[in-house]
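Spelled out from the first residue to the last, the chains are:
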Amino acid sequence: MNRLLQRARLPTVTTIVAPPGYDWKEITAYIMKTRNLEISGGLGSSAGLVFRVGLMGCNSSKANADMVLAALKDALKHCHRSKVPVMKKKLEQGITLVVDRYAFSGVAFTSAKPGFSLDWCMKPDEGLPKPDLVMFLQLNPAEAALRGQFGTERYETSAFQKAVHEKFEQLMKDPSVNWKV
């Protein structure tokens, strides 16, 4: 582990160096979806470089550590390596890219949870190419409530969806991003 990461470590959190070329957000989202485990990415200077895993107190068992390692192994099999270097090269060549990317969605959903600011949630996107256009597909809250199982999943509640929409409205105020609603 390099010196920068050693200085950024927290003794109460297990730090795992992220393998190069993988999108840490895709890995953590996959683990949340398939295993219902919440693993965080690095903060500040370690953003995008490490995973942070809380295995403290009653959670600090070998079985739980093995469960986290199995989840990471599974995620690495199913997640894609980053395409950023290839994308940058194509953009430099003047090639137009149409990219289905949910960065702003992840920022809005995460920052809608207590204790997460928009600025903090945007840190992992630093250094990535900015999109020329972001399309925001708006769904009427009453129509959203008609979706199957609405209200049974933690992010599919009217109150949380309202908080997410407010975060999107804040994101849309950034004049450097071309939003189309």
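All values derive from a computational prediction rather than experimental measurement.

The backbone of N36 shows a phi angle near 60°, a positive value even though the residue is not glycine. With respect to the helices and strands, the residue N36 is situated in the loop between α2 (24-35) and β2 (40-41). Classification of N36 by relative accessible area gives exposed; the value is 59%.

Taking 1.5 Å per residue as the helical rise, helix α8 (residues 158-171) with its 14 residues ought to reach 20 Å, and the 20 Å between its terminal C-alpha atoms agrees with that figure. What α8 keeps buried is the set F160, V164, K167, F168 and L171. Along the axis of α8, the buried positions cluster into a sector of 105°, meaning they face one direction only. Turned more than 90 degrees off the buried face of α8, the exposed positions are S158, A159 and K162. Where α8 is buried, its residues touch α5 (103-111), α6 (118-122) and β5 (179-180).

How each quantity is defined
Going along each chain's sequence as written, the residues are numbered from 1 onward. Only residues with pLDDT of at least 70 get local features here, since the model is predicted, and only at 80 or more are side-chain atom pairs given and counted; chain-wide, interface and lining totals rely on the full set of residues. In computing side-chain properties, one takes all heavy atoms of the structure into account and sets aside hydrogens as well as water. Runs of H or I in DSSP of at least four residues are treated as helices and runs of E of at least two as strands, each being numbered from the N terminus. For the exposure calls, accessible area comes from a 1.4 Å probe over protein chains only, and a residue counts as buried if that area is under 20% of its type's maximum, exposed if over 50%, partly exposed in between. Multiplying 1.5 Å by the residue count of a helix minus one yields the expected span of that helix. The arc in question is formed by the directions pointing from the helix axis toward the C-beta atoms. Note on contacts: a residue pair is in contact if any heavy atoms of the two residues lie within 4.5 Å.

So, to be careful, I would describe these as geometric facts and stop short of saying anything about function.
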